[in-house]
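Chain by chain, the residues run as shown.
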Amino acid sequence: MTTTADQPGPFSSVTVLGLGEMGTALAEAFVRGGHPTTVWNRTAAKARALVERGARQAATPREAVAAAPLVIVNVKGNATAREILESAGADLVGRAVVNLTDGTSAEARAVAGWAAEQGAEYLHGQILTIAPGIGRAESVIFYGGSAAVYERHRSELALLAGRGTLVSADAGVPTLYGMAVHGTMWGTLNGFLHAAALLSNEGIEVTRFLEQAAPSVSALLATLPSIAAEVDRGEYATPYGALRHHLPSIEDLVRESRARGIDHELPEYTLDLVGRALDAGHADDSYSRLVEHFQAR
Ligand SMILES: NC(=O)c1ccc[n+]([C@@H]2O[C@H](COP(=O)([O-])OP(=O)(O)OC[C@H]3O[C@@H](n4cnc5c(N)ncnc54)[C@H](OP(=O)(O)O)[C@@H]3O)[C@@H](O)[C@H]2O)c1
């Protein structure tokens, strides 16, 4: 197959705007992958190591954008990402912009809309790894926006994360996926750390608990698909695991936590949620009924 620096392909040119911790890792992946890589960063000195490894440093974002059909932007905040792209002016026309900057879904959609008005194709990406994870087979990036850009630049994007997935034509959706993963993570971690406090307060090794309770913990995670299906259907009736059965266990956890002088705010929050659902007449429903509490505006 014959390719040139300006056409997508194994050795097509790539531009990276932003060389913070993450932007540097992204640029390094392209250099390692053999792509002619042009970089730009507000603080020019941060490009030094990349240039030593073969990257070309542009003096301005405009010069950088003009150098490649694929333009990656990764900075702090979408307002900054847009400002940098804006300074490329008419050179943005016809470029494929992949914005890997974190923010809200509305911010991602705003940059997408603006980029379309400039005549650029646009893909937003949500990175779900830290900088050292860039380039690894197990790393995840969710993409949303132009399917054409995703398909055309699949091989370049694959250098960033082995598990890149186009999740939507909507540029706002990847950030929601990222938040959903992080939200699940924080909820799970908070519950586990409260449990760890309960155990360590008694002098029980948390590692030993986890080894012995592993089947119960795994079974818990295995319930997520059925919870997801219930939420999607908006139907919460269940033949087992009804909300009313949760109540005594949560009350016990609150009393145990109070008696030990460990945090009782977290179990009390759960008790409050379950209590309200029971008061609303949902005693025989599955735990997934509580989604209505979180959906409330
Ligand atoms: N680091 C990670 O492991 C990680 C993981 C997942 C996602 N992310 C996301 O990746 C993005 C970059 O994060 P990072 O960790 O690389 O941040 P960082 O190390 O703090 O770097 C920030 C980058 O933004 C640039 N920047 C900030 N304000 C600017 C402005 N007003 N004008 C021009 N450039 C500006 C910085 O330029 P200067 O060098 O000139 O200051 C630098 O290139 C963020 O959205 C972050 O949430 C990072």
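Sequence positions are assigned chain by chain, starting from 1 and proceeding in written order. It should be noted that, the model being predicted, local features are given only for residues of pLDDT at least 70 and side-chain atom pairs only at 80 or more, the latter also being counted only at that level, while totals for whole chains, interfaces and linings use all residues. The side-chain quantities take in all heavy atoms of the structure and omit both hydrogens and water.

Some details on the sheet that holds strand 8 (residues 163–168)
A sheet is described by the order of its strands in space; here eight strands give the open sequence 3-2-1-4-5-6-7-8, paired in mixed fashion. Either end of the sheet is taken by a strand with one partner, and the two such strands are strand 3 (56–57) and strand 8. Paired strands, as defined in this entry, are two strands with at least two bridges between them according to DSSP. Secondary structure elements are taken from DSSP: a helix is a run of H or I of four residues or more, a strand is a run of E of two residues or more, and numbering for both begins at the N terminus. In this sheet, strand 7 (residues 140–145) lies alongside strand 6 (residues 121–127) in antiparallel orientation, the contact comprising five bridges. Bridging across to strand 7, Gly 125 finds its partner in Tyr 143. With respect to the sheet, helix 5 (residues 105–117) is in contact with strand 5 (96–99) and strand 6, its orientation differing from that of strand 6 by roughly 160°. Only heavy atoms enter the contact rule, under which two residues are in contact if any of them lie within 4.5 Å. Axis definition: a line fitted to C-alpha atoms, limited for helices to the stretch in contact. Angles are taken between N-to-C directions and run from 0 to 180 degrees.

Quick word on the pairing of strand 6
Burial classes follow relative accessibility: with a 1.4 Å probe on protein chains only, a residue under 20% of its type's maximum area counts as buried, one over 50% as exposed, and anything between as partly exposed. Where burial is concerned, most of strand 6 is hidden: six out of the seven residues are buried. As judged from the four bridges shared by strand 5 and strand 6, these two strands associate in the parallel manner. Bridge assignment links Ala 96 to a residue of strand 6, and that residue is Glu 121. Note on handedness: a crossover is taken as right-handed if, strands pointing away from the viewer, the path from the first strand over the helix to the second is clockwise. Remark: the strand 5/helix 5/strand 6 crossover connection has right-handed handedness.

Some remarks on helix 12 (residues 265–279)
What a helix is expected to span follows from its residue count: subtract one and scale by 1.5 Å. Look at helix 12: 21 Å from first C-alpha to last across 15 residues, which is about the 21 Å you get at 1.5 Å a residue. Looking only at helix 12, the buried set comprises Pro 267, Leu 273, Val 274 and Ala 277. What you see down the axis of helix 12 is that its buried residues fit within an arc of 120°, all on one side. Those residues of helix 12 that are exposed and angled more than 90 degrees off the buried face are Glu 265 and Asp 279. Backbone geometry just after helix 12 places Gly 281 at a positive phi near 90°. The reported arc concerns the directions from the helix axis to the C-beta atoms and nothing else.

Section: the UniProt feature "domain: 6-phosphogluconate dehydrogenase NADP-binding" (unreviewed entry) in the chain
UniProt positions are given in the numbering used here, feature names are shortened, and annotations may be inferred rather than shown by experiment. The feature "domain: 6-phosphogluconate dehydrogenase NADP-binding" (unreviewed entry), as given by UniProt, occupies residues 14–161 in the numbering adopted here. The span residues 14–161 shows a helical share of 38% and a strand share of 21%, and its end C-alpha atoms are spaced 16 Å apart.

Examining the packing of aromatic side chains
Under the pairing criterion, centres of Phe, Tyr and Trp rings, with the six-membered ring standing for Trp, must be within 6.5 Å; the plane angle then separates stacked pairs below 30 degrees from edge-to-face pairs above 60, leaving the rest tilted. What the rule picks out here adds up to two aromatic pairs. Seen from their ring centres, Tyr 143 and Tyr 150 are 5.6 Å apart, and the 50° between their planes marks the pair as tilted. With relative accessibility at 7%, the residue Tyr 150 sits in the buried group.

Digging into the domain arrangement of the chain
One frequently used descriptor of interface size is the decrease in accessible area upon assembly of the parts. We note that the domain assignment places domain 1 (14–170) and domain 2 (177–295) within the chain. Each side of the interface is counted separately: domain 1 has six residues, and domain 2 has four residues. Of the roughly 420 Å² buried between domain 1 and domain 2, counting both surfaces, carbon and sulfur atoms make up 83%. Accessible area that two parts lose when put together, evaluated with a 1.4 Å probe and summed over both, is termed the buried area. For the domain 1 face of the interface with domain 2, the top three residues by lost area are Leu 128, Phe 142 and Val 167, together amounting to 70%. Residue ranges for the domains trace back to a domain assignment, done automatically or taken from a database.

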